[in-house]
Amino acid sequence: MARYAMAIDTKRCVGCADCVVACQTENNVPIGYCRDWIVQDTYGEYPNLSMEIRSERCNHCDDSPCVRCCPTSASHYAEGGIVLVTHDECIGCKACITSCPYDARYVHPEGYIDKCTFCIHRVKEGEDPACVAVCPTHCMIFGDLDDKNSEISKVLRSRKYKTLIPEAGTKPHVFYLL
Amino acid sequence: MKETVITSGRMNPGIDPVLHAWGWEIPIYLFLGGVVAGILFFAGLYYIRGKSEQYKATVKIAPLFVPAMLSIGLLALFLDLTHKLYFWRLYTIIRWESPMSWGAWILMIVFPLSLMWIATFIEDIFPNWDWKFNFVKKTVTWLTGFQKWMAWGLIITSLILGMYTGILLSAFNARPFWNTAILGPLFLVSGLSTGTAFIMLISKSHEEKSKLGQIDLVLIAIEIFLIIHMFMGFLASTEVQIHAAHMFLGGPYTAVFWTFVFTLGLIVPFISEALELKGFKIPVVIPAMLVLIGGLILRFIVVDAGQSSRWLYKFVEQLQ
Ligand code: SF4
Ligand code: SF4
């Protein structure tokens, strides 16, 4: 079994938002919505400023509250631990939206719940997710944590990293390299 | 100093800038669920205690309103769904981990149970009632033999239903204001209290009203205790929960909560029921209506405040 994850290098990301646009195009995200977004944290006081830029999305958590609270099991773990929503099982109760500490989900205009899929359709073909493929600084690495020789496993062995609000207890699988 | 901005401008409808996944439908659903739990609990309890005649409004009359209340509650839940055509999926699977799921199933038990309960008393309440078909009459007569079992069923399922209305929210650790185990008992007690208030409104017996008033007095006292306890718990907890508590202690919900829910919905009915006990004549409709309205506002505020409390992007609160 694979365990897919993403590592994003905050030292390389320049916040160009190409990943956001690539995702919207690849996944036909309705206008006005986004499955990934850029967050910019600025620390310090002028002129001593430092900055951290992150491309954020669903963390495909290992212990996902969104899967747990779904009454119909529309939200589920697909292959490689990717968290997906089966559209025609979803009733749109929005329990999963309120359960996600990252606010990664939204109601698609067609009624079902939508969010990042790690581009599972591309991953199945052996390709990287659209956001990863398009990043001009190559700051994102997508891969299988169960494969000790994968690029992502190696980088997580050699670099410092963090996850977002680990204290929420969801075991996120998007890692930010520091 | 730290400043956070979403530079790509995330503005997902219903999510940004402040989560608004649940509007008026869920509070209405939770409120009616609570009132129904209260009515059915006392109906079962006083039946078992052999007081069906003395407490006629409690045991026989108030339950008559239950199916309508449940229908409105379920309709509200249905209206909240965004993928309505797939509603039936809720009833093709039971997922114990999901309060939304077992809550929906508990309603599917409470609903027919309340109908059967009513059916066995209907000839008692309306002496001219005619079942028209003989087999219906026979079934009802047969059911009447199980009233005691049904009463126990009502007590147990109503307690689960009442707890569920709170647990539905407290199961979400993503929303710090909901994430307290007190919400289950608080909504249960508040539900029992709104249930007694409803029965007090329709009861014609002075004895029954004053007994219910006494029960309500205790329930309100427990509610006040739980609310204070809830805020103490938040304040002694992590940063996000302290923040959540501050929404009510100086923040945007302060005025509406402490005025309408705490003072008018709890303290005033408490005092008026206590005075009644001391022999003062206070029309029962005053405390009863206040309790019902307070309970409704409580649910609106809790559903709304939970969605405003968050872990990430706290800068949003500074914008408000
Ligand atoms: S980030 Fe949110 S939507 Fe994604 S798996 Fe975790 S809890 Fe679920
Ligand atoms: S909105 Fe859909 S995916 Fe989310 S919890 Fe409800 S049924 Fe599951």
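Think of each chain on its own: its residues are numbered from 1, step by step along the sequence as written. Each chain gets a letter, beginning with A, and each ligand a number, beginning with 1, in the order they are written. Two thresholds apply to this predicted model, a pLDDT of at least 70 for residue-level local features and 80 or more for giving and counting side-chain atom pairs, whereas whole-chain, interface and lining totals are computed over all residues. Side-chain numbers come from the whole structure's heavy atoms, not from hydrogens or water.

Caption draft 1: Seen up close, the interface of chain A and chain B. Working rule for contacts: check all heavy atoms of both residues, and any pair within 4.5 Å makes them a contact. Facing the 46 residues of chain A at the interface are 41 residues of chain B. By convention, the term buried area covers the 1.4 Å-probe accessible surface removed from two parts as they join, with the contributions of both added. Taken together, the two surfaces of chain A and chain B that pack against each other cover about 3,900 Å², and 57% of this comes from carbon and sulfur. Salt bridges are identified by distance alone: a Lys or Arg side-chain nitrogen within 4 Å of an Asp or Glu carboxyl oxygen. Applying the counting rule to chain A against chain B returns four salt bridges. Across the pair Asp 80 of chain B and Lys 94 of chain A runs a salt bridge, and its minimum N-O distance is 3.0 Å. Two N or O atoms count as a polar contact when they lie within 3.5 Å, although within protein this holds only if one can serve as hydrogen donor and the other as acceptor, and sequence-adjacent residues are included solely when both atoms are side-chain atoms. On inspection of chain A and its partner chain B, the count reaches 26 residue pairs in polar contact (both at pLDDT 80 or more). Strands are runs of DSSP state E lasting at least two residues, helices are runs of H or I lasting at least four, and both sets are numbered from the N terminus onward. Every element with two or more residues in the side of chain A that touches chain B is listed here: strand E2 (37-45), helix H2 (65-68), helix H3 (95-99) and strand E6 (106-107) of chain A. In terms of residue count, the dominant contributor to the side of chain A that touches chain B is E2 of chain A (eight residues). Should DSSP find at least two bridges between two strands, the strands are regarded as paired. For E2 of chain A and strand E1 (residues 2-6) of chain B, the ladder comprises five bridges, and the chain directions are antiparallel.

Caption draft 2: Main features of the layout of surface pockets. Residue and element names in this part refer to chain B. Of the two site types, the cavity is a set of points on a 1 Å grid over the protein atoms alone where a 1.4 Å probe fits but cannot get out, and the pocket is an open set with protein on both sides within 12 Å along at least five of seven lines, each lined by residues with an atom within 4 Å of a point. Grid points are joined across faces, edges and corners, and a volume is the space filled by probe spheres set on the points. In this structure, the second largest pocket spans a volume of roughly 230 Å³. Taken together, 15 residues make up the lining of the second largest pocket; nearest its centre are Lys 209, Ser 210, Glu 276, Ile 282 and Val 284. Put simply, the parts of the chain that give the lining of the second largest pocket at least two residues each are helix H8 (206-235) and helix H10 (254-277). Considered class by class, the residues forming the lining of the second largest pocket number seven nonpolar, four polar and four charged. We call Asp, Glu, Lys and Arg charged. Ala, Val, Leu, Ile, Met, Phe, Trp, Tyr, Cys and Pro are nonpolar, and the rest, Gly among them, are polar.

Caption draft 3: How the structure looks around unusual backbone geometry. Each neighbour pair has its own omega, and for Tyr 46 of chain A with Pro 47 of chain A the value is 5 degrees, a cis peptide bond. With an omega dihedral of -5 degrees, the bond running from Asp 16 of chain B to Pro 17 of chain B counts as a cis peptide bond. Mapping Pro 17 of chain B onto the fold places it in the loop between E1 and helix H1 (25-48). You will see that Lys 94 of chain A, though not glycine, has its phi angle at about 70 degrees, which is positive. Counting through the fold element by element, Lys 94 of chain A comes out in the loop between strand E5 (83-85) and H3. Unlike most non-glycine residues, Lys 132 of chain B shows phi in positive territory, near 70 degrees.

Caption draft 4: Focus on the sheet that holds E2 of chain A. Spatial ordering of the open sheet is given by E3(A)-E2(A)-E1(B), a layout of three strands whose pairing is antiparallel. Where the open sheet ends on each side, the last strands, each with one partner, are strand E3 (48-56) of chain A together with E1 of chain B. Looking at each pair of strands side by side, their axes are set apart by 15 degrees on average, direction ignored. In this structure, E2 of chain A lies alongside E3 of chain A, joined through nine bridges in antiparallel fashion. Counterpart to Asp 41 of chain A in the pairing with E3 of chain A is Glu 52 of chain A. Angles shown run from 0 to 180 degrees and are taken between the N-to-C directions of axes, each axis being a line fitted to C-alpha atoms and, for helices, limited to the stretch in contact.

Caption draft 5: Structural view of the environment of Cys 135 of chain A. Take Cys 135 of chain A: it is sitting in the loop between helix H5 (130-134) and strand E8 (140-144). Along the primary structure Cys 135 of chain A and Thr 10 of chain A are separated by 125 residues, whereas in three dimensions their C-alpha atoms are 13 Å apart.

Caption draft 6: Up close: the environment of Thr 86 of chain A. All names here are of chain A. Here Thr 86 shows up in the loop between E5 and H3. Categorising residues by exposure relies on relative accessible area from a 1.4 Å probe, with only protein chains included: less than 20% of the type maximum marks a residue as buried, more than 50% marks it as exposed, and the intermediate range marks it as partly exposed. Judged by its relative accessible area of 25%, Thr 86 falls in the partly exposed class. Along the primary structure Thr 86 and Ile 120 are separated by 34 residues, whereas in three dimensions their C-alpha atoms are 13 Å apart. Each residue touching Thr 86, except ones within four places of it in the same chain, is listed here: Ala 74 and His 76.

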